[in-house]
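The primary structure of each chain is shown beneath.
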Amino acid sequence: MRRSKRKASKNTTTATTSAAAVPTVTISDLPNHITCDILSRLPLNSIFACKRVCKTWRDLTLEPYFAKLHLSRGPLSLISYHNGNDNNNSPSSHFEILQLHDPLVLRRRDTTMKFRTDVYFPRLHMVASCNGSILLSNSSPNDDLVIIVCNPLRAQHFILPKPPLLAVQTFKSVRLGFGHSPITDQYKVLRFTRTGPSRLYLYFDIFTIGIDDEWRSIVGTEKPPGIFIPNFVFLNGALHWIGLEKTRFLCYFDIEKEQFGSFPLPSEIGKFFCSLEVVDNRLYLHNEHSPGVWRFWAMKDYGDFESWTLEWIIEEPIKGSMKPLKMLKDGSLLMMFNETIPQTLVTKTTLACYNPKTRVLKKIKYHVILPWSPSVADILFFFSPMDALK
């Protein structure tokens with residue numbers, strides 16, 4: 001049946017009127033907490049693009065609520081620091097970041113970002129990271145020691161005052177730790193100084209960012225917790241390292257209470273060289289049990305030394321210093337190898353995955369081979385310890 005023109009015109013008018021009655025809603029009309037929720041789910045490069053859209057979105061990314069949301073959802077990233085110099089032919093100081101999304105999509109160029117910084121001192125390098133903030137130092141045992149805390153995402157940095165000089169002038173070995181108290185939300189830097197060799201002393205100094213004006217001495221004694229392996233890892237509000245007296249054991253320093261403690265290590269480790277790492281909020285030990293074989297132990301329940309469990313045995317590992325990063329959704333272990341190229345003496349980072357079912361370790365290719373300096377793995381955080389200085 002053929003409709004009349006008058007009836008069709010009437011229906012068109014009604015539809016137009018109804019559409020006009022519906023109010024127009026844009027993303028700018030959403031409540032701030034919903035906008036934060038949306039922004040926190042975006043890749044890092046998209047977040048920085050949104051910051052340039054309007055002042056409101058830029059200010060939202062500076063809110064602690066957004067920072068905590070992004071920290072809970074952000075992917076693990078490899079962070080590398082490149083120290084510039086006064087030579088015009090060299091690039092300026094900057095951080096390079098490779099985001100490790102799961103599943104891995106490393107051939108896309110937007111997984112890599114570069115953040116410039118005006119921080120430069122001779123021999124400056126990365127020492128540690130905590131919640132996406134980086135501890136830089138020249139690791140000098142002398143009075144020219146430089147210690148800097150940086151946040152690449154916020155383009156902020158803070159140069160710590162020089163630690164006190166020690167009266168002991170014998171051999172010194174300096175180690176630095178960087179941790180955070182989830183109770184007070186304070187960030188603290190620790191300096192571990194070992195003197196010797198005739199008599200072993202360990203000195204501990206601490207600096208709380210935003211609270212202290214100068215370093216505080218914790219202890220100086222002949223029998224403190226021993227230091228054997230130079231790397232310190234942060235987990236559950238404490239710094240951890242491997243100590244040595246008559247046997248090896250796991251030392252820790254509680255950031256909030258500023259107290260020391262220790263756990264036994266698995267007896268199966270014996271006298272073999274071992275290193276300590278954190279993978280998915282668990283402590284892991286790995287050692288070269290025999291030439292060409294790596295063994296990994298995990299502390300299943302934090303604080304329970306009986307929960308140490310042998311997790312993986314990797315045969316024919318890749319050459320270079322090795323660091324486990326995270327377990328992927330497919331059950332494989334993502335790993336990082338820092339390898340020095342003999343011809344150029346440049347250290348580059350190689351990524352690999354170990355499949356526990358097939359027991360195969362395979363290198364991962366990504367879109368460009370970067371001349372990485374030794375990298376640290378962390379989840380980037382928009383909150384900065386330097387906010388406490390305001």
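Since the model is a prediction, treat every value here as computed from it, not as a measurement.

Chemist: Please set out the overall build of the chain residue by residue, giving values where relevant.
Modeler: The helix and strand inventory of the chain stands at 5 helices and 24 strands. For the chain, the residues scored as buried account for 46% of the 390 residues in total. A sequence separation of at least 24 residues applies to 47% of the contacts in the chain between residues at least 6 apart. Approximately 21,000 Å² of the chain is accessible, and the part contributed by carbon and sulfur atoms is 53%.

Chemist: Break down the sheet that holds strand E15 (residues 259-264) for me, with residues and values.
Modeler: Taken together, 4 strands build an open sheet; the order of strands is E12-E13-E14-E15 and the sheet is antiparallel. Strands at the two margins of the open sheet, each flanked by one partner only, are strand E12 (233-235) and E15. Across the sheet, the axes of successive neighbouring strands diverge by a mean angle of 35 degrees, strand direction being ignored.

Chemist: Mind laying out empty space enclosed by the protein, listing which residues take part and the relevant values?
Modeler: Per the counting criterion, the structure on display carries 3 cavities of 30 Å³ or more. Around the second largest cavity, the lining residues are Leu44, His70, Gly74, Pro75, Ser77, Gln99, Ile379 and Leu380. Looking at the lining of the second largest cavity residue by residue, the class counts come to 4 nonpolar, 4 polar and no charged.

Chemist: If you had to explain helix H3 (residues 44-51) to someone new, which residues and values would you point to?
Modeler: Those residues of H3 not exposed but buried are Leu44, Ile47, Phe48, Cys50 and Lys51. What you see down the axis of H3 is that its buried residues fit within an arc of 155 degrees, all on one side. Lining the buried residues of H3 we find helix H2 (32-39), helix H4 (55-60), helix H5 (64-73), strand E2 (94-100) and strand E3 (112-116).

Chemist: Tell me about the confidence of the model for the chain, residues and numbers included.
Modeler: Residues with a pLDDT of 70 or more make up 76% of the chain, whose mean pLDDT is 79. Highest mean pLDDT in the chain belongs to E12 (93); lowest belongs to helix H1 (residues 5-21) (50). Confidence over residues 368-372 falls short of pLDDT 50; this stretch has 18 contacts with residues more than four positions distant or in other chains.

Chemist: Quick rundown of the sheet that holds strand E7 (residues 156-159)? Include the residues and the values.
Modeler: Across the sheet, 4 strands lie side by side as E4-E5-E6-E7; this open sheet has antiparallel pairing. Pairing within the sheet leaves two strands with one partner each, and these edge strands are strand E4 (125-130) and E7. Each strand axis lies, on average, 25 degrees off the axis of its neighbour in the sheet, ignoring direction. One ladder, built from 4 bridges, connects strand E6 (residues 147-151) with E7; its direction is antiparallel.

Chemist: Please set out unusual backbone geometry residue by residue, giving values where relevant.
Modeler: For Asp185, which is not a glycine, the phi torsion comes out positive at approximately 65 degrees. Note on placement: Asp185 falls in the loop between strand E8 (171-181) and strand E9 (186-196). Relative accessible area serves as the criterion here: at 38%, Asp185 is assigned to the partly exposed category.

Chemist: Which residues make up a nonpolar patch on the surface, and what values do they have?
Modeler: A surface patch of nonpolar side chains, amounting to about 210 Å² of accessible area, comprises Ile27, Ile34 and Ile38. The residue Ile27 is located in the loop between H1 and H2 in this model. For Ile27, a relative accessible area of 38% puts it in the partly exposed group.

Chemist: Describe the packing of aromatic side chains, listing the residues and the values that go with them.
Modeler: Taken as a whole and assessed by the stated rule, the structure comprises 19 aromatic pairs. Geometrically, the ring pair formed by Phe192 and Trp241 is edge-to-face, given 5.1 Å between the ring centres and 70 degrees between the ring planes. Here Trp241 lies in strand E13 (residues 238-244) and Phe192 lies in strand E9, a separation of 49 residues in the sequence. Assigned by exposure class, Phe192 and Trp241 land together as buried. Aromatic side chains Trp241 and Phe260 sit 6.3 Å apart centroid to centroid with 90 degrees between the ring planes, which places their arrangement in the edge-to-face category. Pair noted here: Trp241 is in strand E13 and Phe260 is in strand E15, with a separation of 19 residues, a long-range link. Trp241 sits in the buried class, given a relative accessible area of 0%. Classification of Phe260 by relative accessible area gives partly exposed; the value is 27%. Each member of the aromatic cluster is reached from another via a ring pair, and the members are Phe192, Phe204, Phe232, Trp241, Phe253 and Phe260.

Scoring rules and cut-offs
- Residues numbered from 1 in each chain as written.
- Predicted model: local features only at pLDDT ≥ 70, side-chain atom pairs only at ≥ 80, totals over all residues.
- Heavy atoms only, no water.
- Helix = DSSP H or I, 4+ residues; strand = E, 2+ residues; numbered from the N terminus.
- Buried < 20%, exposed > 50% of the residue type's maximum accessible area, 1.4 Å probe, protein only.
- Contact = heavy atoms within 4.5 Å.
- Areas by Shrake-Rupley, 256 points an atom, 1.4 Å probe, with all protein chains shown as cover.
- Pairing = 2+ DSSP bridges.
- Axes fitted to C-alpha atoms, helices over the stretch in contact; angles between N-to-C directions.
- 1 Å grid on protein atoms, 1.4 Å probe; cavity = no way out; pocket = protein on both sides within 12 Å on 5 of 7 lines; lining within 4 Å.
- Points joined across faces, edges and corners; volume = space filled by probe spheres on them.
- Nonpolar A, V, L, I, M, F, W, Y, C, P; charged D, E, K, R; others polar.
- Arc of directions from axis to C-beta.
- pLDDT = per-residue confidence, 0-100.
- Patch = residues over 30% accessible without salt bridge, like charges linked within 9 Å, V, L, I, M, F, W, Y side chains within 5 Å.
- Salt bridge = Lys/Arg side-chain N within 4 Å of Asp/Glu carboxyl O.
- Phe/Tyr/Trp six-rings, centres within 6.5 Å; stacked < 30°, edge-to-face > 60°.

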